[in-house]
Amino acid sequence: MTDDGTKKKSDVSVIWGGRFAGGPGLEMEEINASINFDKRLYAQDIAASKAHAEMLQSRSIISDDDADAILSGLDSILAEIEAGEFAYNRQLEDIHMNVESRLRELIGDAAGRLHTARSRNDQVATGFRLWVRDALDQLDGALRELQSALIGQSETHVASVMPGFTHLQTAQPITLGHHLLAYVEMLGRDRGRAADCRKRLNECPLGAVALAGTSFAIDRNLTAEALGFDRPAANSVDAVSDRDFALEYLSTVVIVCVHLSRLAEELVIWSSQQFGYVALGDAFTTGSSIMPQKRNPDAAELIRAKAGRTIGALNTLLIVLKGLPMSYSKDMQEDKEPVFDAHDTVMLCLAAMTGMVAGAAFNTERIAADAGKGFSTATDLADWLVRALGLTFRDAHHITGELVKMAEDKDTTLEALELADMQSIEAGITAEAYDVLGVENSVSSRVSYGGTAPEIVRQAVKRAQQRFLG
């Protein structure tokens, strides 16, 4: 503001030019400003502006002197922001106009030439794509770190027997290494989704301008290449209105967080006294304000809860976009906060989960003791009846069910039943049946590809190391 209370040229008039006689009201300024959150795009905005200036120079649309001044000024602004010395102005609404206004202060009227053949519409679309692309690279790195921690624990517990569950009921014995590798596969698909998203978003909107392109003889391939895009966006209307990349990024984040929530749920259950399968480190647990004996798995519980937060972010953007006509509407300013929040959330959750998994101490004796409970080898017995006696599986299933009922009535296990008792249900059963009823024998027999036999799990660990960490 000047001494007489009028706005300086570097404020609102820079944005709107001569169309408006006065500035916006306080309420309009409050609802319209995005600088509080979109300042996170500063590095991407400046990189795009430099690429645009260099393209304009190469096409002789601006002079070498103006281009040099613009590039030098943008470098100075980047240094100011990174040093925490940049003064943001809410009246200038967003990061794009804040940078341009500061550039004018540094180099004068030459700064006004930077906006030749571009609009804030293609400018923000380009900066946001660049930011999401960087976010995807960070996400992939964090997912890889968690996979590494899980693979490490899997290698340690290749042969550690545990109960496998369906419906949270004991189903069949498996190994802990095999169970943990299931999450490695899930996270591998997450990384695949991130890579697919990155590939699809890697088209450059710059040069689409407001929505119709430009009459200036620009080179969109040059700016796309300079910014690491695969190609320019093919349609100028789509280029400024597309937020599929943000939706797809949020979808990827949501699936990651759902996977993390499932693992967190298991850590919560397994760390309870009732299970006692795992002890989580002090760094990721808390105590109670009143019960001194408590060790609460708060980090796991919070990861479980934060999945809902990212689901909300995806829903927010879906609702923002669902009724918008082509091409750009100011509603789309609401695209960034949910994306920023979801990114911060998933990165924090991945870091916490990686720390928990890496430091987890599994009680293999307790886990192994539970592996044989609940008649977990009943399917092995049914399979033996098919192989040894030539029964159909349905008949074998029925006979094994009768044997389980007998063991329940006697309050014992299948392997503790007398041979005569078994033969009273099926006369063809021999002593060889007992060979398949031990938990270790059951696990070792599962040698099919992707099975839980320790030798198969050991091979799976090596493949996972090559596929995901190599």
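Shown above is the structure to which this text applies.
Here is what the cut-offs are and how they apply
- Residues numbered from 1 in each chain as written.
- Predicted model: local features only at pLDDT ≥ 70, side-chain atom pairs only at ≥ 80, totals over all residues.
- Heavy atoms only, no water.
- 1 Å grid on protein atoms, 1.4 Å probe; cavity = no way out; pocket = protein on both sides within 12 Å on 5 of 7 lines; lining within 4 Å.
- Points joined across faces, edges and corners; volume = space filled by probe spheres on them.
- Helix = DSSP H or I, 4+ residues; strand = E, 2+ residues; numbered from the N terminus.
- Nonpolar A, V, L, I, M, F, W, Y, C, P; charged D, E, K, R; others polar.
- Core = buried A, V, L, I, M, F, W, Y, C linked by side-chain atoms within 4.5 Å.
- Buried < 20%, exposed > 50% of the residue type's maximum accessible area, 1.4 Å probe, protein only.
- Expected span 1.5 Å × (residues − 1).
- Polar contact = N/O pair within 3.5 Å; in protein donor to acceptor, adjacent residues only side chain to side chain.
- Axes fitted to C-alpha atoms, helices over the stretch in contact; angles between N-to-C directions.
- Parallel < 35°, antiparallel > 145°, perpendicular 65-115°, else oblique.
- Left-handed = near helix turned anticlockwise from the far one by under 90°.
- Contact = heavy atoms within 4.5 Å.

Enquirer: Let's hear about empty space enclosed by the protein: which residues, and what values?
Expert: Taken as a whole and assessed by the stated rule, the structure comprises two cavities of 30 Å³ or more. There is about 60 Å³ of room inside the largest cavity. Lining the largest cavity are Leu150, Gln153, Leu180, Leu263, Leu267, Trp270, Val357, Ala360 and Phe362. Residue assignment for the lining of the largest cavity shows that the elements contributing at least two residues are helix 7 (120-156) and helix 11 (244-270). Classifying every residue of the lining of the largest cavity by side-chain character gives eight nonpolar, one polar and no charged. Lining the second largest cavity, in full, are His52, Met55, Ala117, Leu206, Gly207, Ile218, Asp219, Arg220 and Thr223. Looking at the lining of the second largest cavity, the elements that each hand over two or more residues are helix 4 (42-58) and helix 9 (220-226). For the lining of the second largest cavity, the per-class residue count stands at four nonpolar, three polar and two charged.

Enquirer: Mind laying out the nonpolar core, listing which residues take part and the relevant values?
Expert: Val132, Leu150, Tyr249, Trp270, Leu350 and Met353 are the most contacted members of the largest nonpolar core, which totals 94 residues. At 16 residues, the largest contribution of residues to this core is made by helix 11. Core analysis: the next-biggest nonpolar cluster, separate from the first, contains 18 residues, Leu385, Met422, Ile429 and Leu437 among them.

Enquirer: Account for helix 7, with residues named and values stated.
Expert: Spanning 37 residues, helix 7 covers 54 Å between terminal C-alpha atoms, matching the ideal 54 Å at 1.5 Å per step. Where burial is concerned, most of helix 7 is hidden: 26 out of the 37 residues are buried. Sitting at the head of helix 7, Ser119 places a side-chain oxygen 3.0 Å from the backbone nitrogen of Asn121.

Enquirer: Describe the packing of helix 7 against helix 19 (residues 454-469), listing the residues and the values that go with them.
Expert: Close contact between helix 7 and helix 19 brings their axes to 10 Å; oriented N to C, the two are set at 165°. With respect to each other, helix 7 and helix 19 are oriented roughly antiparallel. Classified by chirality, the crossing of helix 19 by helix 7 is left-handed. On helix 19, the residues touching Arg144, Gln147, Ser148, Ile151, Ser154 and Glu155 of helix 7 are Val461, Ala464, Gln465, Phe468 and Leu469.

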